[in-house]
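For reference, the chains in residue letters:
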Amino acid sequence: MNVADLSPAQARERFRAGERVPTAGWCRGWTQANLIAVPRRLRYELLLFAHLNPQACPVLDVGEPGAWSTPLFPGDLRTDLPGYRLYRDGEPVADLGDVVERWRDDLVPFLIGCSFTFERALLAAGVPVRHLELGTNVPMYVTDVACEAAGSLSGPLVVSMRPVPDELVKTAIEVSGQYPMVHGAPVHVGDPAGIGIRDLARPDFGDAVEVREGEVPLFWACGVTPQAAVMASGVEYAIGHLPGHMAILDARDDDYRVPS
């Protein structure tokens, strides 16, 4: 079965069974989300951080302390993503296939919108998506743009990049702008140096893709931003998704579409 045709429950079952792949192009028509789980004492600071940085951190769902499911994610957040990253004192210390043994009773899971959600709409509007063409992960970059701090949490904006033919840039901006809860329109268009990215061929997360002649790099705010804040702030313990390896929710992509 083509992964684009899977239901969220079918995808979660495959990840629980051990499939480890980026999720771009999976479960066409369904919403994908970033996971960040932080200790209970930081939950309100993370909520405030998200409120102050809404384009990078649009909160779709939040669980109770110790919970491993939410209303939009009825599976098991400890096993039903294809990859996890564990942090101690702000350092990434392990990439894991499941976090059953690492999930603490005080962890509060947040599900943050993901730009994979609007890629179906981009394709329908005739905008090519290079990483889908190549079957790779989207390239993601840490910028020199500082997020608004919230208590002890601060850090840089992370962005994802998609090259778009010059004549389709306006279309890409308009289409993605209809999905504000999954990052919305790009935060930057054109010269990567304008947001502190030195080399597009060396993403901080994901896989590099070629920007061809006649194409413009477009940069969208990315839900890996909370993980960058965990690192920059030295958070003592946190669990996130492996970048590009998302939680697939029981919510339709068009649930988050705001018609223009």
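Now for a look at the structure at hand. (Residues numbered from 1 in each chain as written. Predicted model: local features only at pLDDT ≥ 70, side-chain atom pairs only at ≥ 80, totals over all residues. Heavy atoms only, no water.)

## Digging into the overall build of the chain
Quick reminder of the rule: Here a strand is any run of E in DSSP of at least two residues, a helix any run of H or I of at least four, and the numbering for each starts at the N terminus. In this description the radius of gyration comes from C-alpha coordinates, and the expected globular size is given by 2.2 Å times residues to the power 0.38. Partly exposed residues are those whose accessible area sits between 20% and 50% of the maximum for their type, while under 20% is buried and over 50% is exposed, using a 1.4 Å probe and protein chains only.
Assigned secondary structure in the chain consists of 6 helices and 11 strands. Whereas a compact globule of 260 residues would reach a radius of gyration of roughly 18 Å, the chain reaches 17 Å, a difference of no more than 12%. Counting only C-alpha atoms, the chain reaches 50 × 40 × 35 Å along its principal axes. Out of the 260 residues in the chain, the part that is buried amounts to 56%.

## Some remarks on the pattern of salt bridges
The condition that has to hold: When a carboxyl oxygen of Asp or Glu lies within 4 Å of a side-chain nitrogen of Lys or Arg, that pair is called a salt bridge.
For the coordinates displayed, the defined rule picks out 14 salt bridges. With a closest N to O distance of 3.1 Å, Glu236 and Arg104 form a salt bridge. Within this pair, whereas Glu236 is found in the loop between helix H6 (225-233) and strand E10 (237-241), its partner Arg104 is found in the loop between strand E4 (91-96) and strand E5 (107-113), the two being separated by 132 residues in sequence. The exposure class assigned to Arg104 is partly exposed, which follows from its relative accessible area of 26%. When the shortest N-O distance is used, the salt bridge between Arg162 and Glu119 registers 3.0 Å. Highlighted residues: Arg162 in strand E7 (residues 156-165) and Glu119 in helix H3 (residues 119-124), separated in sequence by 43 residues. Look at Arg162 and you get buried, because its relative accessible area is 1%. Residue classification places Glu119 among the buried residues on the basis of a relative accessible area of 2%. Linked through salt bridges whose partners overlap, the residues forming this network are Arg104, Asp106 and Glu236.

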